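Structural characterization, general
The lines below spell out each chain.
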Amino acid sequence: MWAVYALLSAVFASLTALFAKVGITGINSTLATAVRTVFVLIMAWGMVAITGHGQGLRELSGKSWCFLALSGIATGASWLCYYKAMQTGPVTSVVTIDKFSLVLTMLLAAVFLGEAFNWKTALGAGLITAGTLLVAFAK
């Protein structure tokens, strides 16, 4: 089931890029990020309410709070940079470079989480890197 959710995530991420490019026309990218964030909060807390998982909030450990906070800060920084890039750059190039986070995540997961980074992973990361350079910077 995780693959279905991952595919849906890709579909919604694609729509996010297209809607963002149109939505930021003529407004400040930071303001656009703040407006978008309001809707993300409404959706996320709405799903918590619909699924009845709100009681889990009391069960979060200090470690969970800390790392979720760091993740939120990283997400905010990512969104601010993404919208600024989207405002001035071509969608295809911005999204391609943004999705290079896959390679960075593979490397960081290997270093900090001990996840596998074998020859297949390295080959895939190399191909993604080559594809990123080709698509993002080819004229």
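Report on the accompanying structure.

Parameters at a glance
- Residues numbered from 1 in each chain as written.
- Predicted model: local features only at pLDDT ≥ 70, side-chain atom pairs only at ≥ 80, totals over all residues.
- Heavy atoms only, no water.
- Helix = DSSP H or I, 4+ residues; strand = E, 2+ residues; numbered from the N terminus.
- Buried < 20%, exposed > 50% of the residue type's maximum accessible area, 1.4 Å probe, protein only.
- Contact = heavy atoms within 4.5 Å.
- Areas by Shrake-Rupley, 256 points an atom, 1.4 Å probe, with all protein chains shown as cover.
- Patch = residues over 30% accessible without salt bridge, like charges linked within 9 Å, V, L, I, M, F, W, Y side chains within 5 Å.
- Salt bridge = Lys/Arg side-chain N within 4 Å of Asp/Glu carboxyl O.
- Phe/Tyr/Trp six-rings, centres within 6.5 Å; stacked < 30°, edge-to-face > 60°.
- Lys NZ or Arg CZ within 6 Å of the ring centre and 35° of its normal.
- Arc of directions from axis to C-beta.
- 1 Å grid on protein atoms, 1.4 Å probe; cavity = no way out; pocket = protein on both sides within 12 Å on 5 of 7 lines; lining within 4 Å.
- Points joined across faces, edges and corners; volume = space filled by probe spheres on them.
- Nonpolar A, V, L, I, M, F, W, Y, C, P; charged D, E, K, R; others polar.

This paragraph deals with the overall build of the protein chain. Along the protein chain, the regular secondary structure elements total six helices and zero strands. Walking the protein chain from its N terminus toward its C terminus, one meets helices and strands in the order α-α-α-α-α-α. Within the protein chain, the fraction of its 139 residues that count as buried is 15%. In the protein chain, of all internal contacts separated by at least 6 residues, the share reaching a separation of at least 24 is 67%. A total of about 10200 Å² of accessible surface is found on the protein chain, and carbon and sulfur atoms cover 76% of it.

Turning our attention to the side chain of Thr132. In this structure, Thr132 sits in helix 6 (residues 119-137). Not counting residues within four places of it along the chain, the set of residues in contact with Thr132 comprises Thr96, Ile97, Phe100 and Phe137.

On the surface, Met1, Val4, Tyr5, Leu7, Leu8, Val11, Phe12, Leu15, Leu18 and Phe19 cluster together into a nonpolar patch covering about 1100 Å² of accessible area. Looking at the element boundaries, Met1 is found in the segment before helix 1 (2-23). Residue class for Met1 comes out exposed when judged on its relative accessible area of 66%.

This next bit is on the packing of aromatic side chains. Per the stated rule, a full pass over the model turns up one aromatic pair. Taking 6.1 Å as the distance between ring centres and 55° as the angle between the ring planes, the aromatic pair formed by Tyr82 and Tyr83 counts as tilted. Tyr83 shares its class with Tyr82; the two are buried. The cationic tip of Arg36 hangs over the ring face of Trp79; the distance from NZ or CZ to the ring centre is 4.3 Å.

The next point concerns the environment of Gly23. Secondary-structure assignment places Gly23 in helix 1. With a relative accessible area of 45%, Gly23 lands in the partly exposed category.

A separate point is helix 4 (residues 91-98). By the burial criterion, the buried members of helix 4 are Ser93, Val94 and Thr96. All buried residues of helix 4 project into a common sector of 165° when viewed along the axis, lining one side. Packing partners of the buried residues in helix 4 comprise helix 3 (62-88) and helix 6.

This part covers the layout of surface pockets. Empty space among the atoms can be located by rolling a probe the size of a water molecule over them. Roughly 670 Å³ of volume is contained in the largest pocket. Lining the largest pocket are 20 residues, and of these Phe12, Thr16, Arg36, Val40 and Met43 lie nearest its centre. For the lining of the largest pocket, the elements supplying multiple residues, two or more each, are helix 1, helix 2 (29-51) and helix 3. Broken down by class, the residue content of the lining of the largest pocket amounts to 16 nonpolar, three polar and one charged. Here the second largest pocket defines a volume of roughly 360 Å³. As for the second largest pocket, its lining consists of Ser9, Ala13, Thr16, Ala17, Arg36, Ser78, Trp79, Tyr82, Val95, Asp98, Lys99 and Ser101. If you list the elements that add at least two residues to the lining of the second largest pocket, you get helix 1, helix 3 and helix 4. Among the elements that line the lining of the second largest pocket, the one with the most residues is helix 1, at four residues.

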